[in-house]
Amino acid sequence: MNIPVSLPPGVAFLNGHFTAEDMITKITHCGDLAGVFHDQITWQSIPSETTIYQVEMLKSPQGEGELFVGTTHLNPGRVGDEFYMTRGHFHQRREQGEVYFGLRGSGLLLLQNEQGEARLEQVSPGSVHIIPGFTAHRLINTGTEVLSALAVWPSIAGHDYAALAQGFSLRVVLQDGKIQAKEVQNG
Ligand code: F6R
Ligand code: MN
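Residues numbered from 1 in each chain as written. Chains lettered and ligands numbered in written order. Predicted model: local features only at pLDDT ≥ 70, side-chain atom pairs only at ≥ 80, totals over all residues. Heavy atoms only, no water.

*Asks:* Got a minute to help me understand the sheet that holds strand β8 (residues 98–104) in this structure?
*Replies:* The strands making up a sheet are joined through hydrogen bonds of the backbone, oriented either antiparallel or parallel. On the basis of which strands lie adjacent, the open sheet formed by six strands has the order β3-β4-β5-β13-β8-β11 and antiparallel pairing. Strands at the two margins of the open sheet, each flanked by one partner only, are β3 (23–29) and β11 (128–131). Averaged over all neighbouring strand pairs, the angle between strand axes comes to 20°, with direction disregarded. Pairing of strand β5 (residues 67–74) with strand β13 (residues 147–154), which is carried by eight bridges, proceeds in the antiparallel orientation. Across the sheet, residue Leu 74 finds its bridge partner in β13, namely Leu 147. (Pairing = 2+ DSSP bridges. Helix = DSSP H or I, 4+ residues; strand = E, 2+ residues; numbered from the N terminus. Axes fitted to C-alpha atoms, helices over the stretch in contact; angles between N-to-C directions.)

So this is what it looks like as structure tokens:
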């Protein structure tokens, strides 16, 4: 008996790019990130079409029990003294977690609970980040090359960006030539 073997999608672990027939790509430009960076005057001076990050995702079925797989490619750079970062979010379904895997570049994963307590994990090739439920998350590129991280999350999780309209309670900046995390009072 001949059992057919299908070819699944592939991912290059050196850069997070997928090989698949069907992909979804979403680019986030500087102009999309109004109110995200602390230095609004410098933010306005950057061309709005500048790409800050790009997410490539495999197409997968949606519904209870299904999973999404995607890679975020976050460019290096700063808005003023603040490193490029993703918008960041809680999941709409707060109890749903996620796993991130660092693939290339270096940066930080900012995690924040519903009480506003924040912590940071170092992201580097091979790092594994278990993001628990009820935890907002944001990638920050503190390096000089693209930061790519692979993520797997439940397709029912959804995104809640509005809950963080006030921002996270930590900002990561370059100050005195060093990467520093600063506590923010009002987001
Ligand atoms: C999915 C997830 C990532 C992010 C991506 C972009 O739940 O956490 O795929 O969606 O890193 O970040 P946001 O969505 O905050 O713009
Ligand atoms: Mn997420």
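Still more ground to cover, so stick around.
*Asks:* In this structure, what is going on with the pairing of β11? I would like to understand it.
*Replies:* When a strand is regular, its side chains alternate between the sheet's two faces. Residues His 129 and Ile 131 of β11 are buried on one face, while the alternating residues Val 128 and Ile 130, pointing to the opposite face, are not. Across four bridges, the pairing between β8 and β11 is antiparallel. The partner of Val 99 across the bridge, within β11, is Ile 130. (Buried < 20%, exposed > 50% of the residue type's maximum accessible area, 1.4 Å probe, protein only.)

*Asks:* What should I look at first to understand the site of ligand 1 in this one?
*Replies:* Around ligand 1, the surrounding shell holds 14 residues, and the nearest of these are Tyr 53, Thr 72, Gly 88, Tyr 100 and Tyr 161. Contact between ligand 1 and Tyr 53: an oxygen atom at 2.5 Å from a side-chain N or O atom of the residue. Contacts to ligand 1 include His 91, whose side-chain N or O atom sits 3.2 Å from an oxygen atom. Secondary structure elements with two or more residues in the shell around ligand 1: β4 (51–58) and β8. Along the lines of polarity and charge, the residues of the shell around ligand 1 split into five nonpolar, seven polar and two charged. (Near = heavy atom within 4 Å. Polar contact = N/O pair within 3.5 Å; in protein donor to acceptor, adjacent residues only side chain to side chain. Nonpolar A, V, L, I, M, F, W, Y, C, P; charged D, E, K, R; others polar.)

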